[in-house]
Amino acid sequence: MIKFFTLPLLMIFSFLTFGNLTELNTQNESEYEKNLNTAAELYLKEYKIPDSILIKLVPKNHIEFELYYRTTGPEHNLGKTDFFYETTGLIFEQVISKKKL
């Protein structure tokens, strides 16, 4: 009898947990997009992108990478620039300079 109720409870719990994870991913994606937009604005104005913003450009998952890489597409306002490649280079420079310390 206890096993009969255990399965439905586990299913309900797993759906609730999955819903929370999806909500968290959506929040992170929004935060990533805000950071990406800030970096893009600074880049287009030819300002130096602060390290704190630059490091947040490093994608944590494939969704964030897709957003970042999409800036190379012809339909994106950064598509005609080297934003993706230059910021990627700056990120690697930061990592290398930190390792040398």
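About the criteria used
- Residues numbered from 1 in each chain as written.
- Predicted model: local features only at pLDDT ≥ 70, side-chain atom pairs only at ≥ 80, totals over all residues.
- Heavy atoms only, no water.
- Helix = DSSP H or I, 4+ residues; strand = E, 2+ residues; numbered from the N terminus.
- Buried < 20%, exposed > 50% of the residue type's maximum accessible area, 1.4 Å probe, protein only.
- Contact = heavy atoms within 4.5 Å.
- Areas by Shrake-Rupley, 256 points an atom, 1.4 Å probe, with all protein chains shown as cover.
- Salt bridge = Lys/Arg side-chain N within 4 Å of Asp/Glu carboxyl O.

Q: A description of the overall build of the protein chain should follow, citing residues and the corresponding values.
A: When you go through the protein chain residue by residue, the secondary structure sums to four helices and zero strands. Seen in sequence order, the protein chain has helices and strands lined up from the N terminus as α-α-α-α. Per-residue burial over the protein chain gives 23% buried out of 101 residues. A sequence separation of at least 24 residues applies to 53% of the contacts in the protein chain between residues at least 6 apart. Accessible area for the protein chain stands at about 8100 Å²; split by element, carbon and sulfur atoms hold 65% of it.

Q: Got a sec to walk through unusual backbone geometry? Specific residues and values, please.
A: Within the chain, Glu-46 stands out as a residue other than glycine whose phi angle is a positive 60 degrees. Mapped onto the secondary structure, Glu-46 falls in the loop between α1 (2–44) and α2 (51–55). Judged by relative accessible area, Glu-46 falls into the exposed class, the value being 73%.

Q: Provide a residue-level description of the pattern of salt bridges, including the pertinent values.
A: Following the criterion strictly, the structure yields two salt bridges and no others. Among the ionic pairs, Lys-48 bridges to Asp-51, the shortest N-O distance being 3.9 Å. For Lys-48, a relative accessible area of 66% translates into the label exposed. Across the pair Glu-66 and Arg-70 runs a salt bridge whose closest N-O atoms are separated by 2.7 Å.

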